[in-house]
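Tertiary structure, described
As a plain string of letters, each chain reads:
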Amino acid sequence: MSIPALNNTGVVYRRILSQFPQDFSLAFAYGSGVFKQQGTNQGQMGKNMLDFVFAVDDPVTWHTMNLLQNRKHYSILKLLGPTTISSVQNDHGASVYYNTLVPVDGRIIKYGVIGTECLIDDLIHWKTMYVAGRLHKPVKMLLQNENGKLRAALVANLKSAVTASFLMLPESFTEEDLFMQIAGLSYAGDFRMVIGEDKSKVANIVKDNIQHFRILYSNILRDCPQVVYKSQQGQLEVDKSPEGQFIQLMALPRTLQQRITKLVDPPGKNRDVEEILLQVAQDPDCGAVVQQGISSIVKTSSITQSIKGIATAGLWKTVSYSSKKLMKMWKGWRRKPSVSQMS
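Everything in this summary refers to the structure shown in the same document.

Parameters and conventions
- Residues numbered from 1 in each chain as written.
- Predicted model: local features only at pLDDT ≥ 70, side-chain atom pairs only at ≥ 80, totals over all residues.
- Heavy atoms only, no water.
- Pairing = 2+ DSSP bridges.
- Helix = DSSP H or I, 4+ residues; strand = E, 2+ residues; numbered from the N terminus.
- Axes fitted to C-alpha atoms, helices over the stretch in contact; angles between N-to-C directions.
- Buried < 20%, exposed > 50% of the residue type's maximum accessible area, 1.4 Å probe, protein only.
- Salt bridge = Lys/Arg side-chain N within 4 Å of Asp/Glu carboxyl O.
- Contact = heavy atoms within 4.5 Å.
- Polar contact = N/O pair within 3.5 Å; in protein donor to acceptor, adjacent residues only side chain to side chain.
- Parallel < 35°, antiparallel > 145°, perpendicular 65-115°, else oblique.
- Phe/Tyr/Trp six-rings, centres within 6.5 Å; stacked < 30°, edge-to-face > 60°.
- Lys NZ or Arg CZ within 6 Å of the ring centre and 35° of its normal.
- Core = buried A, V, L, I, M, F, W, Y, C linked by side-chain atoms within 4.5 Å.

Some details on the sheet that holds strand β4 (residues 107-115)
Within a sheet, neighbouring strands are paired by backbone hydrogen bonds and run either parallel or antiparallel to one another. Taken in spatial order, the five strands of this open sheet run β3-β4-β2-β1-β5, and their pairing is mixed. This sheet does not close on itself; its edge strands, each paired only once, are β3 (96-104) and β5 (140-144). Each strand of the sheet is rotated relative to its neighbour by a mean of 20°, with strand direction disregarded. Pairing of strand β1 (residues 24-30) with strand β2 (residues 50-56), which is carried by six bridges, proceeds in the antiparallel orientation.

What about the side chain of T128?
Here T128 lies in the loop between α5 (116-125) and α6 (130-134). For T128, a relative accessible area of 13% puts it in the buried group.

Topic: the pattern of salt bridges
Counted according to the given criterion, the structure contains nine salt bridges. The closest approach of N and O atoms between K110 and D51, which form a salt bridge, is 3.6 Å. On the criterion of sequence distance, the pair formed by K110 in strand β4 and D51 in strand β2 is long-range, its members being 59 residues apart. A residue is classified by how much of its surface remains accessible, and K110, at 9% relative accessible area, is buried. The salt bridge partner of E176 is K207, with a shortest N-O separation of 2.8 Å. Taken together, the residues span a long stretch of sequence, with E176 in helix α8 (residues 175-184) and K207 in helix α9 (residues 201-207) at a distance of 31 residues. On the basis of relative accessible area, E176 is assigned to the partly exposed category, the value being 31%.

Quick word on the sheet that holds strand β8 (residues 235-238)
Strand order in the open sheet formed by three strands is β6-β8-β7, with antiparallel pairing between adjacent strands. Of all the strands in the sheet, the pair left with one neighbour each is β6 (172-174) and β7 (227-230). When the angles between neighbouring strand axes are averaged without regard to direction, this sheet yields 20°. Across three bridges, the pairing between β6 and β8 is antiparallel. Across the sheet, S172 pairs through a bridge with E237, a residue of β8. Sheet strands in contact with α8 are β6, β7 and β8, and its direction is about 85° off that of β6.

Examining the pairing of β8
Of the two faces of β8, the one holding L236 and V238 is buried and the one holding Q235 and E237 is not buried anywhere. Looking at chain direction, β7 and β8 are connected through four bridges and run antiparallel. If you follow V227 over to β8, its bridge partner there is V238. Counting the residues between successive antiparallel strands, the hairpin from β7 to β8 contains four residues, one of them, G234, with a positive phi of roughly 70°.

Brief notes about the side chain of H73
Counting through the fold element by element, H73 comes out in the loop between α3 (59-69) and α4 (81-91). Residue classification places H73 among the buried residues on the basis of a relative accessible area of 10%. Among the polar contacts listed, one links the side chain of H73 to the side chain of Y111, at a separation of 2.8 Å.

A closer look at the packing of helix α12 (residues 254-264) against helix α13 (residues 273-281)
The geometry of a pair of packed helices is captured by two quantities: the angle between their axes and the separation between those axes. Interaxial distance between α12 and α13 falls to 10 Å at its minimum, and their mutual angle equals 70°. When the interaxial angle is binned, α12 and α13 end up roughly perpendicular. Across from Q257, I260, T261 and V264 in α12, the residues of α13 making contact are V273, I276, L277, Q279 and V280.

Quick notes on the packing of aromatic side chains
Taken as a whole, this structure holds 15 aromatic pairs when the rule is applied. An angle of 45° between the planes, with centres 4.7 Å apart, marks the rings of F24 and F54 as tilted. With F24 in strand β1 and F54 in strand β2, this residue pair connects regions lying 30 residues apart in the sequence. By the burial criterion, F24 is buried, and F54 matches it. Ring centres of F166 and F173 lie 6.1 Å apart, and the angle between their planes is 45°; on these two criteria the pair is classed as tilted. In this structure, F166 and F173 share a single accessibility class: buried. By the ring-pair criterion, three or more aromatic residues cluster together here, those being Y13, F20, F24, F52, F54, W62 and Y111. Sitting over the ring of Y98, K110 keeps its end group 5.1 Å from the ring centre. In this structure, R134 is placed above the aromatic ring of Y130, and the distance from its NZ or CZ to the ring centre is 5.1 Å.

Looking at the nonpolar core
Y217, L249 and I294 are the most contacted members of the largest nonpolar core, which totals 68 residues. The element best represented in this core is helix α7 (residues 148-168), accounting for ten residues. If sequence neighbours within four positions are ignored, Y217 has contacts with H136, L158, A161, V162, F179 and I182. F35, F54, L77 and V102 belong to the second-largest nonpolar core, a separate cluster that totals 25 residues.

Quick look at the structure:
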């Protein structure tokens, strides 16, 4: 699972991690401060915010210790104590508690804390697709303990991303097509892609990181009986027969199957999931139905998590963070004409 990121950066991450309570089950860094994206040079990367996610077995204990070490990182919610912070984390949005715009060791960072069990649930079932979606894309794994259940869930999440993407792609496609589809899964239905995010975000993530995506997915593609993977040519052919699509639909995470069922089955019919997925497998618009199901999961979690972010970050930090996102989007728009002229 460990993906190489940039050279000579290991010490930067170790120094930052050393500032926090150490009982992580998983810690990873992600985003434009970690992986080069199109239109960003090394100098700009050094100024970008570093994004982290920390999975912890016992959020109450972790926040108790972190409040002692890093009280300034928290908004006014710190006054309510670690138990309330943990319940805000677990019971609202995508079960992640973010502290943002935090200065640590000369860098500005944002870090999200999620309970290990909540993370495993999201990876296996795509309950919110929030952290699961982050992990569809290359990340810099910093720490991972010997939790076999978590390790298996990380692999299951990657397999689910491949299966869902197969259903939305034509019979024959390139590696880049697949990686673009995978990278876009967690942005489908995300209201922040309408306002606040650079529209070319998915292409920017994939274009300069094809090799990182290959490292993540090549073994899964080679072992998958439903696809012919011509790795030398970077070409793939997938089984688009109703039988093949039914097998893929039956392998999707439970929450996505439930969302597809809700879209297709009229109220009151109450047919079982298998029967409905068999119907969807024969539908020429099967891929569009899967896309709608994913969008409905992402839309819900992106809105609720963003609302929660106002409380966890505090109003000033929310305004500051949002204005930076809007500036990024504006720069993306300004870049677009020159990109289209080049093609």
